[in-house]
Amino acid sequence: MLRTSAAHGRSAGMRVGFGVVSGIACWATLAMCGLSALLARYEHLYLVVRSVGAVLLIGYGVHILWSARKAGHGAIQEQRPSAGNYWRLGLFTNLANPKALVFFGALFATLMPRQEGVGVRVAVLAMMLAMAVGWLAVVSWCAGSRPVVAAYRRLQRTIDRIAGGLFTAIGITLVPR
């Protein structure tokens, strides 16, 4: 989201943010429905989810590295994706983190009594998502500010290499052994 806001503007960064929040909604809903307990019980299912996440993160990291390499050789700058592509980037980046399911499972198990009905659970989820949208709007607004955009443009290749390397490295650490 930071990279997108600095490279393509606040609106594009916020679309990535909405994708991230959509991913949070998926993981939190699955945790409320008990999928985290299911994955804890059947480790092979967790390994599948983790493997898919690893592939997504490695693929995104390699894409960033490739774009930084092409930009460094006088190639045309990477094309501006569509609004839907920005949203998908945020969604898939978030869904690539299966530990979010564990986080939400633990959060709901410890903070939400079992006897709470669906209405309370939906209200809690809605508040969490609203807070996430608010926070990501602030981050997108700051990352899309003139000083940040100017700094990003000066350091784009270096920042993109670091970001691509980090996404790739994180993805590699998720590969089950």
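Residues numbered from 1 in each chain as written. Predicted model: local features only at pLDDT ≥ 70, side-chain atom pairs only at ≥ 80, totals over all residues. Heavy atoms only, no water.

Asker: Which residues make up the overall build of the protein, and what values do they have?
Answerer: Scanning the protein from N- to C-terminus turns up eight helices and zero strands. Starting at the N terminus and walking to the C terminus, you meet the elements of the protein as α-α-α-α-α-α-α-α. With the C-alpha coordinates aligned to their principal axes, the bounding extent of the protein is approximately 60 × 35 × 25 Å. With 177 residues in all, the protein has 36% of them scored as buried. Nonlocal contacts in the protein, meaning residues at least 24 apart in sequence, comprise 83% of its contacts between residues at least 6 apart. (Helix = DSSP H or I, 4+ residues; strand = E, 2+ residues; numbered from the N terminus. Buried < 20%, exposed > 50% of the residue type's maximum accessible area, 1.4 Å probe, protein only. Contact = heavy atoms within 4.5 Å.)

Asker: How would you explain the nonpolar core if you had to name every residue and give the values?
Answerer: Judged by nonpolar contacts, the single largest core of 23 residues is most densely connected at Ile24, Phe104, Phe108 and Leu129. Of all elements in the fold, only helix H2 (10–32), helix H6 (99–111) and helix H7 (118–143) reach the threshold of two or more residues within this core. The dominant element in this core, judged by the number of residues it contributes, is H2, at 10 residues. Apart from residues no more than four positions distant in its own chain, Ile24 is found in contact with Asn94, Phe104, Leu129 and Ala132. (Core = buried A, V, L, I, M, F, W, Y, C linked by side-chain atoms within 4.5 Å.)

Asker: Lay out the packing of H2 against helix H5 (residues 83–95) with the relevant residues and their values.
Answerer: The axes of two packed helices give the description: the angle between them and the distance between them. Between H2 and H5, the shortest axis-to-axis distance is 7 Å and the interhelical angle comes to 40°. Viewed along their axes, H2 and H5 adopt a mutual orientation that is oblique. The element H2 and its partner H5 pack so that their crossing is right-handed. Residue-level contacts link Ala12, Arg15, Val16, Phe18, Gly19, Val20, Ser22, Gly23, Ile24, Cys26 and Trp27 of H2 to Ala83, Tyr86, Trp87, Leu89, Gly90, Leu91, Asn94 and Leu95 of H5. (Axes fitted to C-alpha atoms, helices over the stretch in contact; angles between N-to-C directions. Parallel < 35°, antiparallel > 145°, perpendicular 65-115°, else oblique. Left-handed = near helix turned anticlockwise from the far one by under 90°.)

Asker: Go over a nonpolar patch on the surface with me, naming the residues and quoting the values.
Answerer: Together, Val48, Val52, Leu56 and Phe92 line one region of the surface with nonpolar side chains, adding up to about 330 Å² of accessible area. As for its placement among the helices and strands, Val52 is situated in helix H4 (residues 43–72). Among the residues examined, Val52 registers a relative accessible area of 47% and is labelled partly exposed. (Patch = residues over 30% accessible without salt bridge, like charges linked within 9 Å, V, L, I, M, F, W, Y side chains within 5 Å. Areas by Shrake-Rupley, 256 points an atom, 1.4 Å probe, with all protein chains shown as cover. Salt bridge = Lys/Arg side-chain N within 4 Å of Asp/Glu carboxyl O.)

Asker: Just give me the short version of the packing of H2 against H6, but keep the residues and values in it.
Answerer: The interhelical angle for the contact between H2 and H6, taken along N-to-C directions, is 50°, at an axis separation of 8 Å. Taken together, the axes of H2 and H6 are oblique relative to one another. In terms of crossing hand, the pair formed by H2 and H6 is right-handed. Mapping the contact onto sequence places Ile24, Trp27, Ala28, Leu30, Ala31 and Met32 in H2 and Ala100, Leu101, Phe104, Gly105 and Phe108 in H6. By residue class, the composition of the contact of H2 with H6 is 10 nonpolar, one polar and no charged. (Nonpolar A, V, L, I, M, F, W, Y, C, P; charged D, E, K, R; others polar.)

Asker: Tell me about the confidence of the model for the protein, and name the residues and values.
Answerer: Regions with low pLDDT carry predicted coordinates that are not meant to be interpreted in detail. Of all residues in the protein, 93% have pLDDT values of 70 or greater, and the mean over the chain is 85. Scored below 50 in pLDDT, residues 73–77 shows three contacts in the model against residues more than four places distant or in partner chains. (pLDDT = per-residue confidence, 0-100.)

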